[in-house]
Amino acid sequence: ESKLLGHRNACMMLSDYIKTQNAALIDEALKHVPSYPDAYILKSLTKDNMKDFAIQKQILLDGLNVCPENIRIKTQLGKLYFQWDENTPGKQFYSNNIKPAEKLFYEVLEHKPGHEDIFYFLSIIESRYKGNKLKAIDYMKKCIEINPMKFAECYNLIAQYYKEL
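1. Description of the packing of helix H3 (residues 37-44) against helix H4 (residues 53-66)
Where H3 contacts H4, the axes come no closer than 8 Å and their chain directions differ by 175°. What the angle tells us is that H3 and H4 run roughly antiparallel. For the pair formed by H3 and H4, the contact residues are Tyr40, Ile41, Lys43 and Ser44 on the first element and Gln56, Ile59, Leu60, Asp62, Gly63 and Val66 on the second. Of the residues belonging to the contact of H3 with H4, the class tally is five nonpolar, three polar and two charged.

Below, the structure is given as structure tokens:
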């Protein structure tokens, strides 16, 4: 019963954070339920933390230490690595940020083979960073199979990949 109460309190604190943007509520939620993965993700995405790659990375790594198999944290960490690399203009090589992103994306696929975002990001990695357009096309087609609502966006990228072959 006390565990259930702790989860309820943590959920209420995160809900209050969303309404008030008071980051201290996230830390308070984590005190009640340290294994609450959404709290780590939300904490990494607060306004102040979003400005610093190292802080975001550490928060998500802390979450993985507590919840080592959580695919939501792994996905967010992979996106973090990917996006911070993407924010480096002119950088089109298989870098130190892209490699861990790709590794995390493959780990997520082992546990959730139908994760559309993962196929989307892997497609971009294969095309842009590894030059493997055909594999990129396959990944993008898998993304469309999982979520046909991404048809237009994905087929635009597929057309671009074919053009670059």
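2. Notes on the packing of aromatic side chains
This structure, assessed with the given rule, holds eight aromatic pairs. Look at Phe82 and Tyr129: their rings are 6.5 Å apart centre to centre, the planes differ by 80°, and that puts the pair in the edge-to-face class. Of this pair, Phe82 sits in helix H5 (residues 71-86) while Tyr129 sits in helix H7 (residues 116-129), placing them 47 residues apart in sequence. Grouping residues by exposure puts Phe82 and Tyr129 together as buried. Linked through ring pairs, Phe82, Phe105, Tyr120, Phe121 and Tyr129 together constitute an aromatic cluster.

3. What about the side chain of Asn70?
Tracing the backbone shows Asn70 in the loop between H4 and H5. Of the residues examined, Asn70 reaches a relative accessible area of 15% and is grouped as buried. Here the side chain of Asn70 touches Arg72 through a polar contact of 3.0 Å, landing on its backbone nitrogen. Look past the residues within four positions of Asn70 in its chain and what remains in contact with it is Pro37 and Leu64.

4. Details of the nonpolar core
The nonpolar side chains of a soluble globular protein tend to be buried with one another. The biggest cluster of nonpolar side chains holds 41 residues, and the ones touching the most others in it are Ile73, Leu77, Phe82, Phe105, Tyr120, Met140 and Tyr161. Elements with a minimum of two residues in this core: helix H2 (24-32), H3, H4, H5, helix H6 (98-111), H7, helix H8 (133-146) and helix H9 (151-164). The dominant element in this core, judged by the number of residues it contributes, is H7, at eight residues. Filtering out sequence-adjacent residues up to four positions away, Tyr161 remains in contact with Ser123, Ile124, Ser127, Lys133, Ala136, Ile137 and Met140.

Definitions and limits used
- Residues numbered from 1 in each chain as written.
- Predicted model: local features only at pLDDT ≥ 70, side-chain atom pairs only at ≥ 80, totals over all residues.
- Heavy atoms only, no water.
- Axes fitted to C-alpha atoms, helices over the stretch in contact; angles between N-to-C directions.
- Helix = DSSP H or I, 4+ residues; strand = E, 2+ residues; numbered from the N terminus.
- Parallel < 35°, antiparallel > 145°, perpendicular 65-115°, else oblique.
- Contact = heavy atoms within 4.5 Å.
- Nonpolar A, V, L, I, M, F, W, Y, C, P; charged D, E, K, R; others polar.
- Phe/Tyr/Trp six-rings, centres within 6.5 Å; stacked < 30°, edge-to-face > 60°.
- Buried < 20%, exposed > 50% of the residue type's maximum accessible area, 1.4 Å probe, protein only.
- Polar contact = N/O pair within 3.5 Å; in protein donor to acceptor, adjacent residues only side chain to side chain.
- Core = buried A, V, L, I, M, F, W, Y, C linked by side-chain atoms within 4.5 Å.

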